[in-house]
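# Descriptive structure summary
Here are the chains, one letter per residue:
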Amino acid sequence: MDWQGYTKIRTTGALLVVCLNLGIDPPDLVRPKNCAKLEAWVDPTNTNERTPLNMIGENLHRQFEVINRHASYRTLLDCAMESMRKACVLLRRKAKDERVMFYYNGHGVPRPTASGDIWVFNKQFTQYIPVSAMDLMSWVGTPGVYVWDCSHAMNVVQAFEKTAKARDMEIARIKHAAEAAGTRLPLSRAAASESLSSASTNIAAMLAAQMTPDIHFAATQADELLPTNPELPADLFTSCLTTPIKAALRFWVIRNPRTSKVTLDMCEKLPGSVQERRTPFGELNWIFTAITDTIAWNTLSREQFYTLFRLDVTVASLFRNFMLADRIMRFYGVHPQSRPSLPPTHKHPLWDSLDLEIDMCLQQLPRLLAEEERRKQRVGISAMTTETNEMGYISSTYFSNQLYAFEVWLQHAATVVSQFVSDHGPDEIPRSLSTEPPPDLEAPNELPAVLQVLLSQQYRLRALILLYRFMNLGPWAVNLALGVGIFPYVSKLLASTTAEIREILILVWARLIAVDLSLRNELLKNNGMAYFVAYLANNIQMQHEPVSEKVRLCDTVSAASAFTLALLCTDAPAVQQACFNERVLDYFLVYLQRPDNGTDERGYLRTWILMCLAELWRGFPNAKWMAMTYRLCVIASNKQQQQQQQGEGIHEEGEQASAPSFEELLASSADDANVDARDAQDLLIQMAFHRVPSVRTAAIYAMGTLIEELTQLGDGPGVLTIVQKTERQIYALLLQAAADGSPMVRCEVVRVISSAVFASYMPQAIEAVSRTVGEELHWRAPTATSDVMQELITKLWKTMLKLSTDAHPDVSLLAQETCDVVFQCYAHSQQFFANETSLDQAIRKLELASGQQSLLGSATSIGDALLGRPSSANSHDNAGSINGTRGQNRTRPINGSAPAHHRYTMHLAQGSAPQNPTPRSPSATGSMYIIDKPADRFAGMSDAERADAMQKLSEIEQAWIDWGRRELRDQSTFLDWAGAHFTEFDISLFANVSGPLHDSKTLVESRERNRHVDRMEASSRVMSSQSSTMKWMDVRPVATIKEPATTAILHPLEPHAIVASGRGTVSVFDWEAQAQVGHYSIGARDTSSDAQTISNLHLINPLGQSKLLVGSRDGKVRIFASYAPDFKPSSSQLEQPPFPRPRLLTSFTAMPWASHGNSLLSSVEGCEMVTAWNQRNGILFAGGNDKEVRIWDITAEMCIEEIAVASMGGVTCLSHDGIAGNIFAVGNVNGSVRVMDRRLSARTGVVANWREHSPSKVCNVSMLAGQAEVVSASENGDVKYWDLRHAESAFTLSDTHPDQQLEYMVAHERAPIILTASSAAVKIWNRRGTNIGAVSANRNGTLNTTSYMKTLAGYGTARLQQPVRVAAAALHGYLPIALMVSDDGQISYIQPTKSGARPSNMTISSRSSSVYI
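Now for the overall build of the chain. For the chain, the count of helices and strands is 43 helices and 39 strands. Across the 1413 residues in the chain, those meeting the buried criterion constitute 55%. Looking at the chain alone, contacts between residues at least 24 apart form 67% of all its contacts between residues at least 6 apart. If you sum the accessible surface of the chain, you get close to 61300 Å²; carbon and sulfur atoms cover 49% of it.

As structure tokens, then:
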């Protein structure tokens, strides 16, 4: 529901027409002797000094003023028709386009006629004069609200509806004619309304009016009479509409004469007033408002509720009170009507709640009246008071009960939403959840009552907390809160000075602004920005406090304040200036200098401080300059204060002392060590290395806005010095951030380089492309230059080329688009034409190459780029998106984007638009294009023609540079992505909700998984005690794969084998069902390049929702949301189904291979990347063709340590202690095994260094968890056991594979066995060095046990006919199962025979995912 899409129309005036003609009954009515008499709670039969009619008019005026005291009221008592007409016309003229109210009391005149005419008097008061609906509609105009308190009232409403229908048909007809004739129509409702009453009616004036349907309240139906019960007022309908509490009290007493000791007269003396909610009368009115709002909320549609109960105070009160009138009058057989009509509400169960509250209040009334009488007698009438405490009134618990009920509903809603989110993946949650609650959840009934509680200071804090928790359920909850009308309440609370609600109110506003950005306009109208700035200013000192719940709350609220200010500053120069004047920049820079306490709340606070600074700087030169020179500004301010304090600011001549110049401040800034302030760029660089990825991304985002369009600062000497220094610092930082572990950070780096660097320095970027092309094509040697800026931009361009081949598709796509734009500009630059003679041959060589693509073509084909033709973007298949959006293909300035006189590119002499180059015949490498030779273009030109051609070339270059700058100004989506945090469901706010419902699928699976793990642990203990006597003879086939396998692992809980190939694919097999359950490529394209050869596989969170970590040969790591999406194999499937690809969570380059060669993408030589995963702390050890091991924190997505581990050669294997990961072992190419302690320094961190394997390469090393033992194996077949306490090996297993090279060694995690694999055999060994099983493979396509050779200790060995290489091998984490994959694609698993000591019937069921022992 678009709650702001409705036009708010106020009721600004009302005309109260009362036709009573007291003492004379109308001719069509014979009143009984004992009947209702009260009019406006005045008995006209009682004689008084004042006339009863005037008293009735005054009371009626006061009663309507209670509904809306801001409207103007005029009362006409027994009026003539002409007086009424003049009053109506005057009322409409004053109201203009607003709503007016017309009230009619016809108790003293005849009933309305069947045609809908009402009756008034003539001037002489001798006749009844009818007034038709048409006349009255023309006088009152539209929009209007009418109240008809008379018998047969519905006749009038029906006449109005008939007249309005005829009017609308006439308007539609003449509107069509006016549009056809081109007639201009008036623009206001007032003009259209006046045209209806004009003698010479200008019909066209009606056409401009948006005729809002009028609102009618009728006391009776067309054939009903008003009730005449003497205990009721004669104007019962009016009494219910204007004084609902008095009417409800009287109705309750009449219905309960025996159960109540309260009389009707006593009800009139109920203490209090509507405005005083602490009094009995005011509290009942407050409760009545909440109950009627709740009834309407639960009965009407959301649109109808908002239209009738939230747009106009008068209309809302009348409809609210009309529901009471409907309930009371139906009890007496009368059926009030309204237009628009409401569903029946007279039997709603919440009316019982109102009766209960009235009963509880009236039970105290006798005591309250007695106490008041005693007080009068004791101190006099002047000391009367209606305060609750002094009267002894016991307040109702209604609102407290409603808050409790709402809290219970919130607990239930949290469980439902939690279950819904957990049962659906992030890609499966429907978009409708942002606007509608989950299917099993209904909107809360208590929401309108909770909204009313905000009016009470007693319950306000609790209500705000519950409302905030409610809005945390999702955007649909925020929309419901806005639909029920929360905005006016929280808007007024911004003016409150109550400190206890400040934090929760800011959090509520953050949620509102995040969901509905249009609210910021309303927030700015009341200077609401100052509320958030004041909170930030008052809580700076909290940044020094130690970690506590108070500090965490302060950081959370401060982050919400910064978020709100960031949204307010977005595209709002006036707000930027206001924030700058309020010293927001100073506060935020001080916040960034405060220490980091390591909490998530502090990191999130810094994220939004940086985001707000970025939005403050965008397009605001003054803020940028102050940020870059903040330290100098602080020094100048300190010196000025010192001069004022010391009295040195006045010269002897009485003149003001001049402020220090900028050059003086710049010279003294280095010597002033007492100044703690730091410039913004220094703080941004510091934040770019923060542990939280979102903080690093926000820092890069802020850098982009800071250095964007710095030419606005001017070109003064001091300005250029600061600007150039800032740019160099940030450019150097961007070069480092391009290797960040978070793809979100790298995406932002691409955007900043694109929009803030290349767009600002396009000529330098073109020069960087020219240099890189020359170096890559070897026609230009790398040259150094004294231009530091040019060198930095060249490095940034090469970095952009690297990012165009990033492992994450979001990063690579953005970088490719940037490279494409810059290449286009280069292809139409003077550098390109100057080098074209050399480029022609190079391009042809590149295009004729058999599929080999240079790095220059990573973003686009060089031929296409140089010819100015759009490139075909590489298609990216299923991958996770970082910011929820992808880069869009940019339009080229070809065929319409560039100026018409600049569209020619290759035909400068003719001065016309270029024709498409003639394509060659398609070849194996694709379509080719012919480039004209320079001699053909400039041959025969005179000097003047050549100068003209060069001028046109310069114009073309400038036109493409301007186009490139426009294209590169790409707005980041990080602000939207980060702001989504304030719209997401946050279960942490619900203390009693620890997860989904007890019967949810997720919790059932979790409990089953825990029982599964317990059974597996029991199985592993049995196996550990019997492993040395097991006979590994049972070999069973699983499946066959087409790609060459490189590594494999076994899932510890599921019967799944995960096999990786050298072509960048991952295959998952169910080894029990002998079926394939998954197959996908890790890259964006299915390629077979060595760069995507998978070398490492790890399961993250293997005992829960497992994720797959994949390491490739080129040093890149990818983490997928699962190792294989859910897929149920079918035995009837003959062909491999199209398996889905898991969602890519993140990717990064763990080992920078490119840094070891001169080329931008050097070939990988020596050791491939090896990794080790520590589950407890979430860290990844990575090594390879380098002398260092990099340790990555996967949660922080950053490299936290680089430890030198090898003096020569590369790292071949890694392992850690299996606990905290503080101790790890490294195997090297030179045969050494080192054990390092991360907690020690680099010099003392070597725990052990063994070289017994030298000179053979160490194939694998394994540290046994929780033990001081290390197992290592070398290529020559030696397996050694080490004790960390000794310098020599404790045991050596020599020559495990005679005449063969050892390739794999895997030690079981829980059993004293190891697996070794050579080029053609897999062997199982126990700790005593006994060979308990050996298996080899042959090329026989039939997979059965007879196709394998089994060799046991003491058995004879048979010879294979055609032995093949073992490509991969693995051990199960719990069970005695080994996996073997041969290079011909055969996959099989090995287990002990049934006759062995293996535990009986120990298998994993693929259907129930459980172990049976």
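Past the structure itself, the notes keep going.
Under the counting rule described, the total for this entry stands at 43 aromatic pairs. On the basis of an interplanar angle of 50° and a centroid distance of 6.3 Å, the ring pair of Tyr701 and Phe974 is categorised as tilted. Placement of the pair is Tyr701 in helix 31 (residues 693-707) and Phe974 in helix 42 (residues 974-979), with a sequence separation of 273 residues. In this pair, the class of Tyr701 matches that of Phe974, namely buried. An aromatic cluster of three or more residues is present, and its members are Phe217, Phe237, Trp297, Phe305, Phe309, Phe319 and Phe322. The ring of Trp297 has Arg302 lying over it, and the distance from NZ or CZ to the ring centre is 3.9 Å. The positively charged end of Arg1310 is found above the aromatic ring belonging to Tyr1374, 4.1 Å away from the centroid.

A few words on helix 30 (residues 680-687). Of all eight residues in helix 30, six are buried, a share of seventy percent or more. Within helix 30, the full set of buried residues consists of Ala680, Gln681, Leu683, Leu684, Ile685 and Met687. Contacts from the buried residues of helix 30 go to helix 25 (584-593), helix 26 (600-617), helix 27 (621-628), helix 31 and helix 32 (717-737).

A few words on the sheet that holds strand 26 (residues 1258-1263). Here we have four strands laid out as an open sheet, ordered 26-27-28-29, and antiparallel in their pairing. With partners counted over all chains shown, the strands left at the sheet margins are strand 26 and strand 29 (1289-1293), one partner each. Within this sheet the neighbouring strands show an average axis-to-axis angle of 15°, counted without direction. In the sheet, strand 27 (residues 1269-1274) pairs with strand 28 (residues 1279-1283) via five bridges, with the strands oriented antiparallel. Bridging from a neighbouring strand, Ser1272 pairs with Lys1280 of strand 28.

For the rest of this paragraph, the subject is the sheet that holds strand 21 (residues 1198-1204). Spatial strand order, 18-19-20-21: four strands in an open sheet with antiparallel pairing. Every interior strand has two partners, whereas the edge strands, strand 18 (1170-1174) and strand 21, have only one. Put simply, the sheet's adjacent strands are angled 20° from each other on average, direction ignored. As defined by bridge partners, strand 20 (residues 1188-1193) adjoins strand 21 across six bridges and the pair is classed as antiparallel. Looking across to strand 21, one finds that Trp1192 is bridged to Cys1199.

What follows deals with the environment of Leu76. Here Leu76 lies in strand 2 (residues 72-77). Spatially, the C-alpha atoms of Leu76 and Cys19 are 8.4 Å apart, while their sequence positions differ by 57 residues. In contact with Leu76, other than residues within four places in its own chain, are Leu15, Leu16, Val17, Val18, Ser83, Met84 and Ala87.

All right, on to empty space enclosed by the protein then. Within this structure, the stated rule accounts for six cavities of 30 Å³ or more. In this model, the largest cavity occupies a volume close to 110 Å³. Around the largest cavity sit 13 residues that line it, and Arg618, Glu708, Ser755, Asp970 and Ser972 are the ones nearest its centre. Counting only elements with at least two residues in the lining of the largest cavity, the list comes to helix 31 and helix 33 (743-758). Residue contributions to the lining of the largest cavity peak at four residues, all from helix 33. The residue inventory of the lining of the largest cavity, partitioned by class, reads two nonpolar, five polar and six charged.

With that out of the way, let us pick up the environment of Gly1218. Take Gly1218: it is sitting in the loop between strand 22 (1211-1216) and strand 23 (1223-1228). In this structure, the C-alpha to C-alpha distance between Gly1218 and Leu1264, residues 46 residues apart in sequence, is 7.2 Å. Once residues lying within four places of it in the same chain are set aside, the contact partners of Gly1218 are Asn1174 and Ala1265.

Let's shift gears to the state of the cysteines. All chains considered together, the criterion is met by zero disulfides. The thiol sulfur of Cys150 is not disulfide-bonded, and the nearest other cysteine sulfur, from Cys19, lies at 10.0 Å. Take Cys150: its relative accessible area is 2%, and that puts it in the buried class.

Bringing the side chain of Thr1093 into the picture now. Looking at the element boundaries, Thr1093 is found in the loop between strand 13 (1075-1081) and strand 14 (1094-1100). Here the side chain of Thr1093 touches Gly1062 through a polar contact of 3.0 Å, landing on its backbone oxygen. Apart from residues no more than four positions distant in its own chain, Thr1093 is found in contact with Thr1046, Ser1061, Gly1062, Gly1111, Ser1112 and Arg1113.

Bringing the pairing of strand 26 into the picture now. The buried fraction of strand 26 amounts to five of the six residues, a majority that puts the element mostly inside the structure. In terms of strand pairing, strand 26 meets strand 27 through five bridges, oriented antiparallel. Considered in strand 27, the bridge of Asn1260 is made with Ala1273. Linking strand 26 to strand 27, which pair antiparallel, is a turn of five residues; within it Gly1266 sits at a positive phi near 75°.

It is worth spelling out the pairing of strand 36 (residues 1378-1382) at this point. Buried residues dominate strand 36, accounting for five of its five residues. Of the two faces of strand 36, both are covered, the one formed by Ala1378, Met1380 and Ser1382 as well as the one formed by Leu1379 and Val1381. Where strand 36 and strand 37 (residues 1386-1391) come together, four bridges link them in antiparallel fashion. Bridge pairing in strand 37 links Ala1378 to Ile1390.

Cut-off values and rules
Residues numbered from 1 in each chain as written. Predicted model: local features only at pLDDT ≥ 70, side-chain atom pairs only at ≥ 80, totals over all residues. Heavy atoms only, no water. Helix = DSSP H or I, 4+ residues; strand = E, 2+ residues; numbered from the N terminus. Buried < 20%, exposed > 50% of the residue type's maximum accessible area, 1.4 Å probe, protein only. Contact = heavy atoms within 4.5 Å. Areas by Shrake-Rupley, 256 points an atom, 1.4 Å probe, with all protein chains shown as cover. Phe/Tyr/Trp six-rings, centres within 6.5 Å; stacked < 30°, edge-to-face > 60°. Lys NZ or Arg CZ within 6 Å of the ring centre and 35° of its normal. Pairing = 2+ DSSP bridges. Axes fitted to C-alpha atoms, helices over the stretch in contact; angles between N-to-C directions. 1 Å grid on protein atoms, 1.4 Å probe; cavity = no way out; pocket = protein on both sides within 12 Å on 5 of 7 lines; lining within 4 Å. Points joined across faces, edges and corners; volume = space filled by probe spheres on them. Nonpolar A, V, L, I, M, F, W, Y, C, P; charged D, E, K, R; others polar. Disulfide = S-S within 2.5 Å. Polar contact = N/O pair within 3.5 Å; in protein donor to acceptor, adjacent residues only side chain to side chain.

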